[in-house]
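Coordinate inspection notes
Single-letter residue listing:
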Amino acid sequence: EVQLLESGGGLVQPGGSLRLSCVASGFTFSNYHMSWVRQAPGKGLEWVSSIVTGAGSTRYADSVKGRFTISRDNAKNTVYLQINSLKLEDTALYYCNLVGTGYWGQGTQVTVSS
């Protein structure tokens, strides 16, 4: 059974940082591209970042480029999202996603507030 378990969210002030983690199980993690997607209150899903297998090249939405860093540790079956210089508009429920499938985690809440 595929499972994706996110953690690391919280309440932070603008300018702060968080590191989100997503631990995967039930499939060969190293064979799959992974993504982070977020949903702000009252809004639709927004793709944030992706990391591919192999060399692990990365892509970012323009809204987070330069502030967010995605990475993966295949030995730990984990994908990370380092979030720096948080803005109020980064407040959202953050999900990890197994790219090309319908598998999502339950999400971890990031709230940016002064």
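Further up the page is the structure itself.
Throughout what follows, the structure given in this document is the object of discussion.

1. Focus on the state of the cysteines
In the structure shown here, the tally under the stated rule is one disulfide. Between the sulfur atoms of Cys22 and its disulfide partner Cys96 the distance amounts to 1.9 Å. With Cys22 in strand E3 (residues 18–25) and Cys96 in strand E9 (residues 92–98), the pair connects residues that are 74 residues apart, well separated along the chain. Overall, the relative accessible area of 0% leaves Cys22 in the buried class. In this structure Cys96 comes out as buried when scored by relative accessible area, which is 0%.

2. Considerations on the side chain of Arg38
Secondary-structure assignment places Arg38 in strand E4 (residues 34–39). For Arg38, a relative accessible area of 5% gives the class buried. Only 2.7 Å separates the side chain of Arg38 from the side chain of Glu46, close enough to count as a polar contact. Engagement of the side chain of Arg38 in a polar contact is seen with the side chain of Asp90, the distance being 2.9 Å. Every residue in contact with Arg38, bar those within four places of it in the chain, is listed here: Gly44, Leu45, Glu46, Val48, Ser63, Val64, Phe68, Glu89, Asp90, Ala92, Leu93 and Tyr94.

3. Observations regarding the sheet that holds E3
The strand order across the open sheet formed by four strands is E1-E3-E8-E7, and the pairing between neighbours is antiparallel. Only two strands of the sheet have a single neighbouring strand rather than two, namely strand E1 (3–7) and strand E7 (68–73). Neighbour-to-neighbour, the strand axes of this sheet turn through a mean angle of 15°, independent of strand direction.

Cut-offs applied
- Residues numbered from 1 in each chain as written.
- Predicted model: local features only at pLDDT ≥ 70, side-chain atom pairs only at ≥ 80, totals over all residues.
- Heavy atoms only, no water.
- Disulfide = S-S within 2.5 Å.
- Helix = DSSP H or I, 4+ residues; strand = E, 2+ residues; numbered from the N terminus.
- Buried < 20%, exposed > 50% of the residue type's maximum accessible area, 1.4 Å probe, protein only.
- Polar contact = N/O pair within 3.5 Å; in protein donor to acceptor, adjacent residues only side chain to side chain.
- Contact = heavy atoms within 4.5 Å.
- Pairing = 2+ DSSP bridges.
- Axes fitted to C-alpha atoms, helices over the stretch in contact; angles between N-to-C directions.

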